[in-house]
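Here's the letter readout for the chains.
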Amino acid sequence: MHINTVNTQPYNDQKPGTSGLRKKVAVFQQPNYLENYIQATFDCMGDYAGQPIVVGGDGRFYNRPAIQVIIKIAAANGCRQLLIGHNGLLSTPAVSHLIRKHQAFGGFILSASHNPGGPDKDFGIKFNIASGSAAPEQLTDAIFARTKKIDHYFYASFDDIDLNNIQHLQIDNLTISIINTVTDYAQLMTEIFDFKLLKEVIKSKSLSLCFDAMHAVTGPYAQHILESVLGAPSGSVINAIPLEDFGGCHPDPNLTQTRRLTALMFSENAPVFGAASDGDGDRNLILGNNFYVTPSDSLAIMAANAQLIPGYHQGLSGVARSMPTSQAVDRVAQYLEIPCYETPTGWKFFGNLLDAKKITLCGEESFGSSSDHVREKDGLWAVLFWLNLIARKNKSVKEIVYEHWHKFGRNIYSRHDYEALDLILATTVFKQLRDKLSTLPNKEINGYVISDTDEFTYHDPIDGSHSKNQGLRIRFKDGSRIVYRLSGTGTVGATLRIYIERFTQDATQFDTDPQIALAPLIAIAEKLCEIKKKTGLTKPDVIT
Ligand code: VG1
Ligand code: CO
């Protein structure tokens, strides 16, 4: 193969956020923009020559051209083996698993996750390391530093690779394997869950289900696992075909975006179980017959019942949650007498704890949960976990949740997002709140007394690193909490997230809508930051 050295100019905006580099497609389409970033990643990788590199994405617009660029830059940089998903498709958890299974050096995931796709929408790229985890901050910082200096990249010239056929190709020293998107991941799931039991209850029709793949990457996975292997009737998986624009929708599995699923689940004919996943297959939405499970509760319930699942029969070494996630799982950890860690937002912070076997399960309030079977959050894993739980307990989703609340109490929880705000306005609001944090303790607002406040800094107990500026925390004397963060995944302006939480053991409050139960705290959250007053907005863009 002929290798070209191409001169280039650096871009100054290639700083990865919470989960990789996410930008508008048009930004990625600028001359050499993608090439610079890939070459900078190879420059920071170390010795990869002897190990495979995994490549795949969520099928969104620009997935295929980006894979061709990665193939040619990898080839030119001396990579010897590439494992690429059939049709360019691999879910985020599947990439994490493939890296681990094939002892790969790492992998590229092409996705902007739950962000919309299409020529005028979002694209993203993330690099995962040999453990299967997203690159840690030290590596993403090094890649960003490299992108600011880069002046050339290497590019091999050969024809585009056909991604539509499962095959092995040899180009000089480079082997390219186009692999089945689903097989390895599906096999892993059979090793964790009780597929025999699931087949029985699904066949007997006592467990009916609907899974919304949102025209994103989990379509082929869900059809194979839920319909072909477990025997759910054909059509149980809806919006199953991956589309470059996700059918014009946001592939974000919340109640607003999953209209068809939600309408079904809150109807008279609702099946026992409903679920959805996001663009790249790492998130999960869990629904029961006329019932919605808050992600933070889902994590706590999974932790409390893990021993019922074959893969976690031995019990859990510990659990972790991201800081803004509700403290419901903390109560379970206390009960089980296992450690509970609090990490910053973003899955990469769980990696060290998982590698060191300090935790078995972890999760985030943003519809993400997973375990030590991979190093990413995993949407279909959570779906199978819940199905296995329903089958073992022979109870409805609502009964399982209420049983949990009666035992542990309820952490009433909600997140309010103000999206695409003017960047300067949002950062000013945030800074003003940060500046007054130290004056707030002992103040009483709407009958709630503030006990303490801080800006969260994470001290990684494994590698000793520190991550600063991870969110503003306001705690109240009754244990309630308000947290403020600026999103690290948006591509337009700034997004302010406000997380509100209150604990109760009063069973008469178990039926109350969180927006009502949390109303006084929601009012305090506005009083403290005045985001509505300063923007003129009357309500958040998204409430979860
Ligand atoms: C959001 C979520 C965070 C999640 C991240 C990536 O980040 O809050 O919990 O890990 O998205 O998820 P932020 O910085 O916008 O709040 V995924 O499924 O989009 O890769
Ligand atoms: Co995702």
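Residues numbered from 1 in each chain as written. Chains lettered and ligands numbered in written order. Predicted model: local features only at pLDDT ≥ 70, side-chain atom pairs only at ≥ 80, totals over all residues. Heavy atoms only, no water.

A. How the structure looks around the site of ligand 1. Taken together, 20 residues are adjacent to ligand 1, and T18, S113, H114, T489 and R497 come closest. Within the side chain of S366, an N or O atom sits 2.6 Å from an oxygen atom of ligand 1. (Near = heavy atom within 4 Å. Polar contact = N/O pair within 3.5 Å; in protein donor to acceptor, adjacent residues only side chain to side chain.)

B. Geometry of the coordination of the cobalt ion (ligand 2). For the cobalt ion (ligand 2), the full set of protein donor atoms is S113 (OG), D278 (OD), D280 (OD) and D282 (OD), and the range of their distances to it is 1.9 to 2.1 Å. Sequence spacing among the residues donating to the cobalt ion (ligand 2) works out to S-x164-D-x1-D-x1-D. Taken as a pair, D278 and D282 share a single burial class, namely buried. (Donors = N, O, S within 2.8 Å, 3.2 Å for Na, K, Ca; no water. Buried < 20%, exposed > 50% of the residue type's maximum accessible area, 1.4 Å probe, protein only.)

C. Broad picture of the nonpolar core. The biggest cluster of nonpolar side chains holds 76 residues, and the ones touching the most others in it are M189, F273, W381, L384 and W386. Ranked by residues supplied to this core, first place goes to helix α13 (residues 379-393) with 11 residues. Looking at which domains feed residues into this core, each of domain 1 (2-181) and domain 2 (185-408) supplies at least three. The residues touching W386, leaving out its near neighbours within four places in the chain, are F273, I286, V293, S298, I301, M302, V397, I400 and V401. (Core = buried A, V, L, I, M, F, W, Y, C linked by side-chain atoms within 4.5 Å. Helix = DSSP H or I, 4+ residues; strand = E, 2+ residues; numbered from the N terminus. Domains from an automatic or database assignment. Contact = heavy atoms within 4.5 Å.)

D. Examining the sheet that holds strand β5 (residues 106-110) more closely. With mixed pairing, the 7 strands of this open sheet are ordered in space as β2-β6-β5-β3-β4-β9-β8. The open sheet has two edge strands with one neighbour each: β2 (21-24) and β8 (167-171). Put simply, the sheet's adjacent strands are angled 15° from each other on average, direction ignored. With 4 bridges connecting them, β2 and strand β6 (residues 122-129) associate as antiparallel partners. Bridge pairing in β6 places K24 opposite D122. The strands touched by helix α3 (residues 63-76) are β3 (53-57), β4 (81-89), β5, β6 and β9 (174-179); relative to β4, the strand with the most contacts, the crossing angle is about 170°. Packing against the sheet, helix α4 (residues 92-101) makes contact with β3, β5, β6 and β9, and its axis sits at approximately 165° to β5. (Pairing = 2+ DSSP bridges. Axes fitted to C-alpha atoms, helices over the stretch in contact; angles between N-to-C directions.)

E. Focus on the packing of α13 against helix α14 (residues 397-408). Interaxial distance between α13 and α14 falls to 10 Å at its minimum, and their mutual angle equals 85°. Comparing their axes, α14 and α13 come out roughly perpendicular. Residues W386, L389, I390 and K393 of α13 pack against V397, I400, V401 and E403 of α14. Split by residue class, the contact of α13 with α14 holds 6 nonpolar, no polar and 2 charged. (Parallel < 35°, antiparallel > 145°, perpendicular 65-115°, else oblique. Nonpolar A, V, L, I, M, F, W, Y, C, P; charged D, E, K, R; others polar.)

F. Geometry of the side chain of D297. Along the polypeptide, D297 turns up in helix α10 (residues 295-305). Buried within the structure, D297 lacks any salt-bridge partner; its nearest side chain of opposite charge belongs to R410, at an N-O separation of 5.1 Å. With near-sequence residues (within four places) excluded, D297 lies in contact with A328, W405 and N411. (Lys, Arg positive; Asp, Glu negative; His and termini not counted. Salt bridge = Lys/Arg side-chain N within 4 Å of Asp/Glu carboxyl O.)

G. Layout of the side chain of K23. Take K23: it is sitting in strand β2. Look at K23: it is buried, it has no salt bridge, and the nearest opposite charge is D13 at 4.0 Å. Within the structure, K23 has its side chain in polar contact with the backbone oxygen of D13 (distance 3.1 Å).

H. Quick peek at the pattern of salt bridges. A full pass over the atoms with the stated rule returns 29 salt bridges. In this structure, D278 and R283 form a salt bridge, with 3.9 Å as the shortest nitrogen-oxygen distance. The burial state of D278 is the same as that of R283; both residues are buried. When the shortest N-O distance is used, the salt bridge between D417 and R497 registers 3.1 Å. Here the residue D417 occupies a position in strand β19 (residues 410-421), and R497 occupies one in strand β26 (residues 494-504), the gap between them amounting to 80 residues. In this structure, D417 and R497 share a single accessibility class: buried. Salt bridges linked by common partners bring R321, D330, E342, D454, R473, R481 and E501 together as one network.

I. Molecular detail of α13. Here α13 is 15 residues long and its end C-alpha atoms lie 21 Å apart, about the 21 Å a rise of 1.5 Å per residue gives. Within α13, 13 of the 15 residues are buried, which leaves it mostly tucked inside the rest of the structure. Of the residues flanking the start of α13, the one acting as N-cap is D378, its side-chain oxygen 3.5 Å from the backbone nitrogen of L380. (Expected span 1.5 Å × (residues − 1).)

J. Main features of the pairing of β9. Counted residue by residue, β9 has 5 buried out of 6 residues, so it is predominantly covered. The pairing of β4 with β9 spans 5 bridges and is classified as parallel. Bridging across to β9, G85 finds its partner in I179. Bridge count for β8 against β9 is 5 bridges, and the pairing is antiparallel. Bridged to H168 within β9 is S177. Counting the residues between successive antiparallel strands, the hairpin from β8 to β9 contains 2 residues, one of them, D172, with a positive phi of roughly 50°.

K. Focus on the pairing of strand β13 (residues 285-288). Of the two faces of β13, the one carrying L285 and L287 and the one carrying I286 and G288 are both buried. Note that strand β12 (residues 273-276) and β13 share 4 bridges and pair antiparallel. Bridged to F273 within β13 is G288. Summarising the sheet, β13 and strand β14 (residues 291-292) pair through 2 bridges and their orientation is antiparallel. By the bridge assignment, G288 is partnered in β14 with F291. The hairpin formed by β13 and β14 contains 2 residues between the paired strands, and N290 there has a positive phi angle of roughly 55°.

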